[in-house]
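# Notes for the structure review
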Amino acid sequence: MNLFYTPDINSNSYTLSEEESKHCIRVLRLKEGDIIQLIDGAGGFYSAKILDANPKKCEVEITEIKKDFGKRNYYLHLAVAPTKNIERFEWFVEKATEIGIDEITPIKCEHSERTIVKTERLNKVAVSAMKQSVKAYLPKINEMVSFDQFIKQDFSGQRFIAHCFDLPKQSLKTVYQKNKNALILIGPEGDFSKAEVDLAHKNNFQEISLGNSRLRTETAATVACHTINLVNE
């Protein structure tokens, strides 16, 4: 399947971006009359016919439109402290997009070793993963925010925090309710501080376990994402 990202599509004809045009014509060697698929990142999935095989501005005609393609009946938001090695965090963004996620917020915690992320780069990773996994929804990736600021934001759904403290916790798959919106906090490589866990508890976050193993940040976030999707199958 030849899939292209077209976020600003709004009519029956469309011109691919220069990057997508080059990939379509020069790399894949597609030609006039060939059928391709387009996604807009907002649930739109389109079939289109190439009208002008120009490697800088490939023009296509929309032949079929599917709205809400692959839409889920729940909303998943993960707030994750980015890893010191940014490639590990990018790996999480890639895998979470492939599995299925709606929103990602990098958070700066007391023990964070990374306090800056480039959302433009993360968005590129997410776009590539969306195309790879044939999804029509691009997750929203927010700018980094401090834990204290984030914890006070409104969210309609279940709230969870995963940490390594020896405190009473139930597994995520046990306490999460199918078809409910979920917000999950995943801490940095040094874990959340006790003060952060206490603050989360005061703001109605339920403490959860992701299994018996001590997981890396990016692994824990991916496991949490997969668990929610698995429960909702």
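Here the structure is shown first, and the text comes after it.
These notes cover the structure that comes with them. (Residues numbered from 1 in each chain as written. Predicted model: local features only at pLDDT ≥ 70, side-chain atom pairs only at ≥ 80, totals over all residues. Heavy atoms only, no water.)

It is worth spelling out the environment of S133 at this point. Residue placement: S133 occurs in the loop between α3 (119-132) and β8 (140-141). Remark: the alpha-carbon pair of S133 and I208, spanning 75 residues in sequence, is separated by 29 Å. When neighbours within four sequence positions are excluded, S133 is seen to be in contact with T97 and E98. Among the polar contacts listed, one links the side chain of S133 to the backbone oxygen of A129, at a separation of 2.7 Å. (Helix = DSSP H or I, 4+ residues; strand = E, 2+ residues; numbered from the N terminus. Contact = heavy atoms within 4.5 Å. Polar contact = N/O pair within 3.5 Å; in protein donor to acceptor, adjacent residues only side chain to side chain.)

What follows deals with the nonpolar core. Core analysis: the biggest nonpolar cluster contains 30 residues, and L76, L78, F92, V93 and I184 have the highest contact counts within it. Of all elements in the fold, only β6 (76-80), α2 (86-99), α3, β10 (158-162), α5 (172-175), β12 (182-186) and α7 (217-231) reach the threshold of two or more residues within this core. A per-element tally of this core places α7 first, with 5 residues. Residues A81, C109, I161 and F205 belong to the second largest nonpolar core, which totals 16 residues. (Core = buried A, V, L, I, M, F, W, Y, C linked by side-chain atoms within 4.5 Å. Buried < 20%, exposed > 50% of the residue type's maximum accessible area, 1.4 Å probe, protein only.)

Below, the discussion takes up the packing of aromatic side chains. In the structure shown here, the tally under the stated rule is 3 aromatic pairs. Between F89 and F92, the aromatic rings sit 5.7 Å apart at their centres with planes inclined by 50°, giving tilted as the arrangement. Linking F89 with F92, this pair stays in helix α2, spanning 3 residues, or about one helical turn. Across this residue pair, the class does not change: F89 and F92 are buried. (Phe/Tyr/Trp six-rings, centres within 6.5 Å; stacked < 30°, edge-to-face > 60°.)

Here α2 crosses α3 at 35°, and the two axes come no closer than 8 Å. Between α2 and α3 lies a crossing of right-handed hand. Together, F89, E90, V93, E94, T97 and E98 of α2 and R121, L122, V125, A126, A129, M130 and Q132 of α3 make up the contact between the two elements. In terms of residue class, the contact of α2 with α3 is made up of 7 nonpolar, 2 polar and 4 charged. (Axes fitted to C-alpha atoms, helices over the stretch in contact; angles between N-to-C directions. Left-handed = near helix turned anticlockwise from the far one by under 90°. Nonpolar A, V, L, I, M, F, W, Y, C, P; charged D, E, K, R; others polar.)

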